[in-house]
Amino acid sequence: MSQLRFVIQNWTGDAAADASLERATLAELRIEADTDSGPVVLTEVHDQVARTVRTHVVLPLYPLAEWLLINWWRLRWEPRRYSPEWRMVHSLAAISGGDAWPPLDISSLGSFIQLDLLAERWSPASVRYLYDTTVQVPAADFETQVDRLVRQVQDRLSSLGRAPDDLEALRRELEAERRDPTLARQCRLQAEAGIDPGEAPDGWLEEVDELEREAGEDSTPEVLAILPSLHGCLFKAREALEELRQSSQTIDLSWVPAGQASINGEVPWKVGARLAHDFRRQHGLSEDSPIPTSFFEERLGTKLPLSKSSELSLGAFRPEPNQERTSLLVTSQREESQRFLIARLIACSLVTSKKNRLLPVTQAATALQKLERSFGQELLCPWQALDELTDHAGTEDEGISQAADLFNVSERVVLSTLVNKKKIPRHRLEQA
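The notes below deal with the structure included here.

Some points on the pattern of salt bridges
Step number 1: By the definition in use, this model includes 38 salt bridges.
Step number 2: A salt bridge links Glu175 to Arg179; its shortest N-O distance comes to 2.1 Å. With Glu175 and Arg179 both in helix α6 (residues 165-179), this residue pair falls 4 residues apart, about one helical turn.
Step number 3: The exposure class assigned to Glu175 is partly exposed, which follows from its relative accessible area of 33%.
Step number 4: Residue Arg245 is joined to Glu242 by a salt bridge in which the shortest nitrogen-to-oxygen separation is 2.9 Å. With Arg245 and Glu242 both in helix α10 (residues 234-245), this residue pair falls 3 residues apart, about one helical turn.
Step number 5: Under the relative-accessibility criterion, Arg245 is labelled partly exposed at 35%.
Step number 6: Each of Arg74, Glu78, Arg81, Glu85 and Asp196 takes part in salt bridges that share partners, so that together they form one network.

As structure tokens, this is what we get:
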């Protein structure tokens, strides 16, 4: 059974021949997803007129089907960002039309789709959405459910003697793009960069091909993911890549096996935490003790902290075949920040093959970056030890500071771990 389901409980729209497409496709819609703790209903609302709670909303499904088709590539491949433009493409609330669409954001984690729903404390509409949750579902389920919903809307209109020509044209265009490997790749690359397919400037795809030859096929999406922060400029990205490749700052990562693990089939932070446990075991480190900086210094062949060398870094660049040391740029002088950077580079090396020269470490919300952060948190600040410590020292400022000092990590790493484990509310991290 699919882990994501768009369930049309009942068509309630106007069957008259002159009814608008919106009125004709009015329906009771329930969106539900499976989580580790059981299924959640993403359309659970408080009906403020009837003063009841129900699991469905009444909405026109033609605009939903049209919006999903138009934005399919970016919904499927673009990671989460925080901008009004991004939300216009990724939030169901952007469909609007005067209807109470759920504040549900859809973003890509590669082989998974993330659904972020923000509970409404107040709503001017007749219904108020109640859930505050984040769910990850297999991308294949998302694709299947979108296809199924579009077919159901088309069938509804056909049953009323209506010909949904515009919707059919969109569906056929998307189907042709998905079926053609070359076209699908071009659409995916543009979507990963936050560009609507077909809207990239002339020569843009050729520049991406060149970037891929330099960075590697699996590393290129990570560079594309940060393009909006570089104002969409591929030249700046390639300039940063060249600066990284030419950097005189180097570390030895030859002892880290390349491409040892895969990030497909399991949510990235679970992979990251598991790899961190494996790493500690393989290197004779206890499950919950702080890792001394000397451990990294001996293996990296360098003294920490390194000198700050750049304001922008894409991570590290693997050496030429006849070399051993990996070049990198450092954006922070702080030892705890550099320890976390090293941990992320180790994680990246474990899951990317040597064919990928770039070891990307960025601020993008991609699957790889989430895996790296999870690995870094669990390696440097093991959850079981942190949980026990904060049980005794507390989770207020003094307890956070004590934990950060003990594990030699930033206070933000401690806060992030506690938030991810739901020991403290997310607003604590947002206020830090």
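Here's the deal with unusual backbone geometry
Step number 1: Here the bond from Leu304 into Pro305 is cis, since omega is 5°, no more than 30 degrees from zero.
Step number 2: Within the secondary structure, Pro305 is located in the loop between α12 (293-300) and β12 (315-317).
Step number 3: Phi angles above zero are rare outside glycine, and Arg51 is one such case at about 60°.
Step number 4: Within the fold, Arg51 resides in the loop between β4 (45-47) and β5 (52-54).
Step number 5: Judged by its relative accessible area of 73%, Arg51 is exposed.
Step number 6: Of note, Lys422 is a non-glycine position whose phi angle comes to about 65°, a positive value.
Step number 7: Mapping Lys422 onto the fold places it in the loop between α17 (411-420) and α18 (427-431).

Reading the values: the criteria
- Residues numbered from 1 in each chain as written.
- Predicted model: local features only at pLDDT ≥ 70, side-chain atom pairs only at ≥ 80, totals over all residues.
- Heavy atoms only, no water.
- Salt bridge = Lys/Arg side-chain N within 4 Å of Asp/Glu carboxyl O.
- Helix = DSSP H or I, 4+ residues; strand = E, 2+ residues; numbered from the N terminus.
- Buried < 20%, exposed > 50% of the residue type's maximum accessible area, 1.4 Å probe, protein only.

It is worth stressing that arrangement in space is one thing and function is another; only the former is reported here.
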